[in-house]
Amino acid sequence: MARAATTTDAFNAVAEPRRRQILDVLAGGERPVNDLVRLLGLRQPQVSKHLRVLRQVGVVDVRDAGRQRLYRLNGSALKPIHDWVKQYENSWSERFDRLDVVLAQLQDEERHDGGNGEQRDREGDAADG
């Protein structure tokens, strides 16, 4: 199956790490392209190319401010990604809850052990050596 063009949707557009870096910067507020170039350490043509892709899918908006063009994040265009990831949130929460139970059990064992577990570990190491 052929790979979809990067300009078809937000999923494909943000699959590229540099574009995610641009979005991270723009999450802090609008910026001119020169700021993005400086902050990301990329060449201006690269940044402009990535901004064009992000604009085509609607994730980034641009406005003219005098002689500058300011780019800003359009968070609502990222909603499909949020909605997709959200469906996994229950699974993650359940796993973290189970991990919390295991951690609490280990902490209880350590408290009841009174530090003897550490002593036993050292004795075991001495016997192995």
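First things first, this report covers the structure right here in the doc. (Residues numbered from 1 in each chain as written. Predicted model: local features only at pLDDT ≥ 70, side-chain atom pairs only at ≥ 80, totals over all residues. Heavy atoms only, no water.)

Examining the pattern of salt bridges
And then number 1: The final tally for this structure, using the stated rule, is 8 salt bridges.
And then number 2: Taken together, the salt bridges that share partners define one network made up of E30, R63 and R72. (Salt bridge = Lys/Arg side-chain N within 4 Å of Asp/Glu carboxyl O.)

Let's talk about a nonpolar patch on the surface
And then number 1: Together, F11, W84, Y88, W92, F96 and L99 make up a nonpolar patch on the protein surface, roughly 670 Å² of accessible area in all.
And then number 2: The element contributing the most residues to the nonpolar patch is helix 6 (residues 89-113), with 3 residues.
And then number 3: Mapped onto the elements of the fold, F96 is located in helix 6. (Patch = residues over 30% accessible without salt bridge, like charges linked within 9 Å, V, L, I, M, F, W, Y side chains within 5 Å. Areas by Shrake-Rupley, 256 points an atom, 1.4 Å probe, with all protein chains shown as cover. Helix = DSSP H or I, 4+ residues; strand = E, 2+ residues; numbered from the N terminus.)

Some points on the sheet that holds strand 1 (residues 31-32)
And then number 1: Spatially, 3 strands are ordered 1-3-2 in an open sheet, and the strand pairing comes out antiparallel. The sheet terminates laterally at strand 1 and strand 2 (60-65), the two strands that pair on one side only.
And then number 2: In the packing of helix 2 (residues 17-26) onto the sheet, the strands contacted are strand 1, strand 2 and strand 3 (68-73), and the crossing angle to strand 3 comes to about 95°. (Pairing = 2+ DSSP bridges. Contact = heavy atoms within 4.5 Å. Axes fitted to C-alpha atoms, helices over the stretch in contact; angles between N-to-C directions.)

Quick word on the environment of H50
And then number 1: Among the structural elements, H50 can be located in helix 4 (residues 44-56).
And then number 2: Here H50 falls in the buried class, since its relative accessible area comes to 8%.
And then number 3: Separated by 31 residues in the primary sequence, H50 and R19 place their C-alpha atoms 6.0 Å from one another.
And then number 4: Ignoring sequence-local partners within four residues, the contact set of H50 consists of E16, R18, R19 and I22. (Buried < 20%, exposed > 50% of the residue type's maximum accessible area, 1.4 Å probe, protein only.)

Here we look at the nonpolar core
And then number 1: Counting 22 residues, the largest nonpolar core has I22, L36, V47 and L51 as its most contacted members.
And then number 2: When contributions to this core are tallied by element, the ones reaching two or more residues are helix 1 (10-13), helix 2, helix 3 (33-40) and helix 4.
And then number 3: Other than its neighbours up to four places away in sequence, V47 contacts I22, V33, L36, V37 and L42. (Core = buried A, V, L, I, M, F, W, Y, C linked by side-chain atoms within 4.5 Å.)

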